[in-house]
Amino acid sequence: SYTVRGGGIDVTLNVAARGGNALAGGIDGEGTGGNGGGVALYIGENTWWYAVVGDYSRSLTFTGGLDLAGGSSRNAPGTGYARGGYLTGYGYDAVTVTSAVNAPGARDLGAEGIGGDGGSVYLESYLDDTLAKVGLVGTGGYGASRGGYGGAFRAFGVNVTQQGAINVKGGSANAGLEGSVG
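Note that the coordinates shown come from a computational prediction; the quantities given were computed from them, not determined experimentally.

The rules behind each value
Residues numbered from 1 in each chain as written. Predicted model: local features only at pLDDT ≥ 70, side-chain atom pairs only at ≥ 80, totals over all residues. Heavy atoms only, no water. Helix = DSSP H or I, 4+ residues; strand = E, 2+ residues; numbered from the N terminus. Buried < 20%, exposed > 50% of the residue type's maximum accessible area, 1.4 Å probe, protein only. Core = buried A, V, L, I, M, F, W, Y, C linked by side-chain atoms within 4.5 Å. Contact = heavy atoms within 4.5 Å. Phe/Tyr/Trp six-rings, centres within 6.5 Å; stacked < 30°, edge-to-face > 60°.

### A look at the environment of Leu41
- Mapped onto the secondary structure, Leu41 falls in strand E4 (residues 38–41).
- Residue Leu41 is classed as buried on the basis of its relative accessible area, which comes to 2%.
- C-alpha of Leu41 to C-alpha of Gly91: the two residues are 50 residues apart in sequence and 8.4 Å apart in space.

Okay, here's the thing in structure tokens:
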């Protein structure tokens, strides 16, 4: 948690918070990949990062690259593993985000595994415009029995402008495996 008194949030940084890969070997090995990390920036009270403001700017500006990919699994026992991470940003006044967000769900390398779900971006300005110069890769990962769900991009504000490619397709599965879903 970080507190800023009397102003908005202006952050410039690159973040690498990839999930770790499972160490299990062989097609029948078992291990779960780690989930990608997340970046959450908020202006308002009772939040993780917030600004206590008076008659000051309450805007949020974020610039940087984010690598939040999930780590690969091997025969993961269920969903919730190897997911891509997230970027969340809330502001009262203008929200401006310029970022390449790499947050795909990872592949499951096993014979009957489940791919990781893709990551997401959620941006909202309560009282002003949202400008999102965001490229998002939030694809679901391959899994022999089930591909991961695609991620999401959501932006809200008085006026919303999005510039950048958004790729949030779901992951594929092994069509030759009975009952598989991709």
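### Section: the nonpolar core
- Membership of the largest hydrophobic core comes to 19 residues, with the highest contact counts inside it found for Leu66, Leu87, Val97, Val101, Val121, Leu123 and Val134.
- For this core, the elements supplying multiple residues, two or more each, are strand E2 (9–12), E4, strand E6 (60–67), strand E8 (95–102), strand E9 (120–125) and strand E10 (130–137).
- With sequence-adjacent residues up to four places away left out, Val121 is seen in contact with Leu87, Val101, Val134, Leu136, Ala152, Phe153 and Arg154.

### A look at the packing of aromatic side chains
- All told, the structure shown has 4 aromatic pairs when counted by the stated rule.
- Here Tyr90 and Tyr122 contribute two aromatic rings whose centre-to-centre distance is 5.5 Å and whose plane-to-plane angle is 50 degrees, an arrangement assigned as tilted. On the criterion of sequence distance, the pair formed by Tyr90 in strand E7 (residues 86–91) and Tyr122 in strand E9 is long-range, its members being 32 residues apart.
- A relative accessible area of 23% places Tyr122 in the partly exposed class.
- The interplanar angle of 10 degrees and the centroid separation of 6.2 Å between the aromatic rings of Tyr90 and Tyr126 together place this pair among those described as stacked. Here Tyr90 is found in strand E7, whereas its partner Tyr126 is found in the loop between E9 and E10, with 36 residues between them in sequence.
- When its relative accessible area of 17% is taken as the criterion, Tyr90 is described as buried.

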